[in-house]
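Each chain, letter by letter, is given below.
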Amino acid sequence: MALRMVTGKLRSKWLPRFSAASLLHSHATSFGFKEVQEEEKSRMVGNVFSSVASNYDLMNDLMSVGLHRLWKDRLVSKLNPFPGMKHLDVAGGTGDVAFRILEAINSVKHRAMQDVLEDNLHEETQIFVCDINPNMLNVGKKRALERGIGEAKSLLWVEGDAEALNFKDNSMDGYTIAFGIRNVTHIERVLAEAYRVLKRGGRFLCLELSHVDVPIFKELYDYYSFSIIPAVGELVAGDRDSYQYLVEREICFDDCRCRVSEG
C-alpha cells in the first residue's frame, strides 16, 4: 500500500507536466522528471551517457534484468540482415546491435544460402553505427577490437545526430534504434529522418522498454526502478544521478506515449 502511494504521488506530481499537448506547444521538454529548455536537453543527456558509457552494458542489464540481450537478438532476427545491405544503427554507440547484425550476415546459415556472387556482396556490406556521443562510440570501437572485428570494412562508426542525419536520401536498406528514441528532443524529427534515409521497402525497427500493466508486477517494477537501480548505480558506477535519470526517463516516455495514443 505504501509503495502504491509513493509511486502514485510521484506520477501525479510530475507526469501531468509532460502531457503530449504541453510538449507540442512549448519550448520546454522533459529530462527525467525535470522540465528543461530544449537546447539544454541534448547537453544534459550527453553528460549522462558520457558518464555511463564505460558501464553501459551493465546499465542495460540492470534496467532489463539482462533481458535486453534476448530482445536485441529478436530485433536482429526480425531485421533479417543480408550480405550487401546498407544498414544504419542509430544511438548504437557501443555496437551491441551492429555486432549482432554483422554476425548474422557472417553466419554459416547465411553463407550457405548465397550464390557465387557472395564475396562481392559481402564486400559491399556497410553497417553504420551512428551515435551523438563520442564516448559511446569509443566504447564500441574498443569492443570491436576485443572481438577481432576492429578492422572490419563493413563496420563504420559515425558521430551524428538522429534528428539531422548526414546520410543521403533512400540510401539504407535498414534502420534500427534500440533504447535511444526516448533520449531525443524531437521524436518526430527522428522518425522523419529515418523515413528519408530508408530505401523504398527498407525496414525500420525500434526497440524500447514498455510499461507494466499487471498491478502487482508494476508495483514491484517501480520499487526496483526507483529504489534499487539508482542505489546499485551509485555502488557499482559511483553515479546515482545518471541512473536516476535513466529510470525517470522511462516513466516519462511511457506516460507521454500513452497520452498520445489515447488522444
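Preceding this paragraph is the structure being described.
Summary of the structure given here. This structure is a prediction, so every number in the text was calculated from the model and none was measured. (Residues numbered from 1 in each chain as written. Predicted model: local features only at pLDDT ≥ 70, side-chain atom pairs only at ≥ 80, totals over all residues. Heavy atoms only, no water.)

### A short note on the pairing of strand β7 (residues 198-207)
What counts here: Pairing between two strands is assigned when DSSP locates at least 2 bridges connecting them. Counting from the N terminus, the helices are the DSSP runs of H or I reaching at least four residues and the strands are the DSSP runs of E reaching at least two. Orient the strands so they point away from the viewer, and a crossover whose first-strand-to-second-strand path over the helix runs clockwise is right-handed.
With six bridges connecting them, strand β6 (residues 172-178) and β7 associate as parallel partners. Residue pairing across strands places Tyr 175 opposite Phe 204, the latter belonging to β7. Crossover handedness for the path β6 to helix α10 (residues 187-197) to β7: right-handed.

### Some words on the pattern of salt bridges
Inclusion rule: Should a side-chain nitrogen of Lys or Arg be within 4 Å of a carboxyl oxygen of Asp or Glu, the pair is scored as a salt bridge. Classification of residues uses two cut-offs on accessible area relative to the type maximum, computed with a 1.4 Å probe and protein chains only: under 20% is buried, over 50% is exposed, and between them is partly exposed.
Scanning all chains against the criterion turns up nine salt bridges. Between Arg 189 and Glu 163 there is a salt bridge whose closest N-O contact spans 3.8 Å. Highlighted residues: Arg 189 in helix α10 and Glu 163 in the loop between β5 (155-159) and β6, separated in sequence by 26 residues. According to the relative accessible area criterion, Glu 163 is buried, its value standing at 16%. Linked through salt bridges whose partners overlap, the residues forming this network are Lys 72, Asp 73, Asp 96, Arg 100 and Arg 143.

### Examining the environment of Thr 185
Within the secondary structure, Thr 185 sits in the loop between β6 and α10. In this structure Thr 185 comes out as buried when scored by relative accessible area, which is 16%. Once the C-alpha coordinates of Thr 185 and Ala 162 are considered, the two residues, 23 residues apart in sequence, prove to be 9.9 Å apart.

### Details of the nonpolar core
Formally: By convention a nonpolar core is built from buried Ala, Val, Leu, Ile, Met, Phe, Trp, Tyr and Cys residues, the set being connected through side-chain atoms within 4.5 Å. Contacts were defined at the residue level, with two residues in contact if any of their heavy atoms lie within 4.5 Å.
Counting 32 residues, the largest nonpolar core has Val 97, Ile 101, Ile 127, Leu 155 and Phe 179 as its most contacted members. It is helix α6 (residues 96-106) that contributes the most residues to this core, seven residues altogether. Every residue in contact with Leu 155, bar those within four places of it in the chain, is listed here: Ala 98, Phe 99, Ile 127, Val 129, Ala 144 and Ile 149.

### Concerning helix α9 (residues 134-146)
Rules: A helix is expected to span 1.5 Å multiplied by its residue count minus one. Directions drawn from the helix axis to the C-beta atoms are what define this arc. A 3.5 Å cut-off defines polar contacts: any pair of N or O atoms within that distance qualifies, except that in protein one atom must be a possible hydrogen donor and the other a possible acceptor, and neighbouring residues in sequence count only when both atoms are side-chain atoms.
The terminal C-alpha atoms of α9 lie 18 Å apart, and with 13 residues this matches the ideal 18 Å at 1.5 Å per residue to within 8%. All of the buried residues in α9 are Met 136, Leu 137, Val 139, Gly 140, Arg 143 and Ala 144. In an axial view of α9, the angular spread of the buried residues amounts to 155°, which keeps them on one side of the axis. The exposed set on the far side of α9, more than 90 degrees from its buried face, consists of Lys 142, Leu 145 and Glu 146. Its side-chain oxygen 2.8 Å from the backbone nitrogen of Asn 135, Asn 133 forms the N-cap of α9.

### A short note on the sheet that holds β5
For clarity, the cut-off: Angles shown run from 0 to 180 degrees and are taken between the N-to-C directions of axes, each axis being a line fitted to C-alpha atoms and, for helices, limited to the stretch in contact.
With respect to topology, five strands assemble into an open sheet ordered β5-β4-β3-β6-β7, the strand pairing being parallel. The open sheet is flanked by β5 and β7, the only strands paired with a single partner. Ignoring which end each strand starts from, the neighbouring axes of this sheet average 20° apart. Pairing of strand β3 (residues 86-90) with β6, which is carried by four bridges, proceeds in the parallel orientation. Residue pairing across strands places His 87 opposite Gly 174, the latter belonging to β6. Its contacts with the sheet put helix α5 (residues 68-79) on β3, β6 and β7, and the angle it makes with β7 is roughly 165°.

### Quick notes on the environment of Pro 230
The topology assignment puts Pro 230 in helix α11 (residues 215-237). Between the C-alpha atoms of Pro 230 and Ser 242, which are 12 residues apart in sequence, the distance is 8.0 Å.

### Thoughts on empty space enclosed by the protein
As a reminder, the rule being used: Method remark: on a 1 Å grid restricted to protein atoms, a set of points is classed as a cavity if a 1.4 Å probe fits but cannot get out and as a pocket if it is open with protein on both sides within 12 Å along at least five of seven lines; lining residues have an atom within 4 Å of a point. Grid points are joined across faces, edges and corners, and a volume is the space filled by probe spheres set on the points.
One pass over the structure, following the stated rule, counts two cavities of 30 Å³ or more. The volume enclosed by the largest cavity comes to roughly 90 Å³. Elements with a contribution of two residues or more to the lining of the largest cavity: β3 and α6.

### Topic: α5
Across its 12 residues, α5 extends 16 Å between first and last C-alpha, which sits within 8% of the 16 Å expected from 1.5 Å per residue. Those residues of α5 that fall on the buried side of the exposure criterion are His 68, Lys 72, Leu 75, Val 76 and Leu 79. Take α5 and look down its axis: the buried residues cluster within an arc of 90°, on one side only. Facing away from the buried surface of α5 by more than 90 degrees, the exposed residues are Leu 70 and Arg 74. Phi for Asn 80, located one or two positions after α5, is positive at around 55°.

### What about unusual backbone geometry?
Notably, Ala 91 is not glycine yet its phi reads approximately 60°, a positive angle. Mapped onto the elements, Ala 91 comes out in the loop between β3 and α6.

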